[in-house]
Amino acid sequence: MKFSEDIYPHIEDQIQHSSMVPKKYELKELIKATGGFSDQNKLGEGGFGTVYKGILENNKEIAVKRISKNSCQGKQEFIAEVTTIGSLHHKNLVKLIGWCYERKELLLVYEFILNGSLDKYLFDQSSEFEVQCSKVLD
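Residues numbered from 1 in each chain as written. Predicted model: local features only at pLDDT ≥ 70, side-chain atom pairs only at ≥ 80, totals over all residues. Heavy atoms only, no water.

## Considerations on the sheet that holds strand β3 (residues 49-55)
Argument step 1. With mixed pairing, the six strands of this open sheet are ordered in space as β1-β5-β6-β4-β3-β2. Only two strands of the sheet have a single neighbouring strand rather than two, namely β1 (23-24) and β2 (42-45).
Argument step 2. Here β2 runs beside β3; their pairing, made up of three bridges, is antiparallel. Its bridge partner being in β3, K42 is matched across the sheet by Y52. (Pairing = 2+ DSSP bridges. Helix = DSSP H or I, 4+ residues; strand = E, 2+ residues; numbered from the N terminus.)

Have a look at this one:
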């Protein structure tokens, strides 16, 4: 019997059976888009992984969330995010435009939005930040 290196077997089958699934990207195109997940393109880091800015060959700017191998977010959470958030379209949500699962890498591809993340607007208490961004969110 051959040992499989795939830590999440059949993940693609489970995702493809959902309707309105976003595009599946190849790992090599996301590596190229993010400059090999370089620190220079790092936008932020959280409990589930690191987010990198990328530019696809068609010059479309993207944000790629690279799920940490140490993350508690596993196969089922990844599938749920791709199949549910991938089908949501709302003006206040960043659009999930794709995903990738290759060589044990779990990657989510979002549209790139300028001006950082919402948590900075909600939780950053620095006075300099408050002066620069003293906007009320409706």
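## Topic: the UniProt feature "binding site: ATP" (unreviewed entry) in the protein
Argument step 1. Per the UniProt entry, the sites bearing "binding site: ATP" (unreviewed entry) are K65 in this numbering.
Argument step 2. Turning to its location among the elements, K65 is positioned in strand β4 (residues 61-67).
Argument step 3. Excluding its chain neighbours within four sequence positions, the residues that come into contact with K65 are T50, V51, E81, L106, L107, L108 and Y110. (UniProt positions renumbered as here; feature names shortened; annotations may be inferred. Contact = heavy atoms within 4.5 Å.)

## Let's talk about the pattern of salt bridges
Opposite charge on two side chains makes pairing possible when the charged atoms of those side chains draw close.
Argument step 1. Counting across every chain of the model gives six salt bridges.
Argument step 2. The partner of E57 in a salt bridge is K32, with the nearest N and O atoms 3.0 Å apart. Of this pair, E57 sits in the loop between β3 and β4 while K32 sits in helix α2 (residues 27-33); the two residues are 25 residues apart in sequence, bridging distant segments of the chain. Each member of the pair, E57 as well as K32, is classed as exposed.
Argument step 3. One salt bridge connects K42 with E45, and the closest N-O pair in it is separated by 2.8 Å. (Salt bridge = Lys/Arg side-chain N within 4 Å of Asp/Glu carboxyl O. Buried < 20%, exposed > 50% of the residue type's maximum accessible area, 1.4 Å probe, protein only.)

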